[in-house]
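# Geometric and topological summary
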Amino acid sequence: MADTAVTTPLRSPLSHAAGRLATATRASGGAIRLAELPFLAQIDVRLDPKGAAVDAVGLALGLQLPVEPGTVVRAGELTALWLGPDEWLVVGPRGSGQDLESRIREAAGDEPVSVIDVSAQRTTLLVAGPRARDLLAHGCSLDLHPRVFGPGRCAQTNLARAQVVLVARDEPRAGFWVLVRSSFAGYLTDWLLDAAVEWTG
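The following paragraphs examine the structure supplied in this document. Computed from a predicted model, the values in this text were never measured in an experiment. Residue numbers run consecutively from 1 along every chain, following the written order of its sequence. In keeping with the predicted nature of the model, local features appear solely for residues at pLDDT of at least 70, side-chain atom pairs appear and are counted solely at 80 or more, and the whole-chain, interface and lining totals rest on all residues. Side-chain descriptors were evaluated using all non-hydrogen atoms of the structure, hydrogens and water having been removed beforehand.

## Examining the side chain of Arg169
Basically, it comes down to this: Under the DSSP-based scheme used, a helix requires at least four consecutive residues in state H or I and a strand at least two consecutive residues in state E, with every element numbered from the N terminus. Whether a residue is buried, partly exposed or exposed follows from its accessible area with a 1.4 Å probe, protein chains only, as a fraction of its type maximum: under 20%, in between, or over 50%, in that order. In this tally, Lys and Arg are treated as positive and Asp and Glu as negative; His is ignored, and so are the chain termini. The term salt bridge refers to a side-chain nitrogen of Lys or Arg lying within 4 Å of a carboxyl oxygen of Asp or Glu. What makes two residues a contact is simply this: any of their non-hydrogen atoms within 4.5 Å.
For Arg169, the position within the fold is in the loop between strand 9 (162-168) and strand 10 (176-181). In this structure Arg169 is buried but unpaired, with Asp170 as the nearest side chain of opposite charge at 4.8 Å. Excluding residues within four positions of it along the chain, Arg169 makes contact with Arg74, Thr79, Pro151, Gly152, Ala174, Gly175, Phe176 and Trp177.

## So, the environment of Leu100
As for its position among the elements, Leu100 is in helix 3 (residues 97-108). Separated by 40 residues in the primary sequence, Leu100 and Cys140 place their C-alpha atoms 32 Å from one another. Apart from the residues lying within four places of it in its own chain, the contact partners of Leu100 are Ala41, Ile43, Leu61, Leu78, Val90 and Gly92.

## Some details on the packing of aromatic side chains
Stated precisely, the cut-off is as follows: Stacked, tilted and edge-to-face are the three classes assigned to paired rings of Phe, Tyr and Trp, where Trp is represented by its six-membered ring and a pair needs centres within 6.5 Å; plane angles under 30 degrees give stacked, over 60 edge-to-face, the rest tilted.
Counting across every chain of the model gives one aromatic pair. Where Phe149 meets Phe176, the ring centres are 6.5 Å apart and the plane angle is 10°; that geometry is what we call stacked. Here Phe149, found in the loop between helix 4 (132-137) and strand 8 (153-159), pairs with Phe176, found in strand 10; they are 27 residues apart in sequence, far enough to count as distant. Residue classification places Phe149 among the buried residues on the basis of a relative accessible area of 6%.

Written as structure tokens, this is what we have:
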């Protein structure tokens, strides 16, 4: 029997806004860069930070899970974010979620661990450029000065009243990741574009 299943191409939560983000980036004359980074794999991991599984998972992923609050560890295409004393978010390239989940579970062995693929829950906005911090500061109560929230830092916070995970990338020019729930992505994009009018005219 022929396969009659209908396959629908994946659509990111902000596919409809790609043109507006690109237009704002061009209009800013290099001051800001706005774009969606769709379909990044995002795996939520919870385990005992003092147990043997922490090191085993780190070895399996090729990076050590960060132990300092609000920090980020990056190795190759993977990034691990500290979300809490026993919680991390492992971010990887598109399509890597199942592999990451399997590697983490296998490495943890018999140790208690929670591994949940939350890739479909959020999308990622890139906010970069010399005025990126100024733009984010319009709607975020965190002190975003580089001495306080410099490269390699992350935080769960509110941006324009939307709950996000904010990540300062490991090089200043790389800007910020804003991980936002898919249902709030359109709203937050509208807010960012409106707040960026100062530089996009």
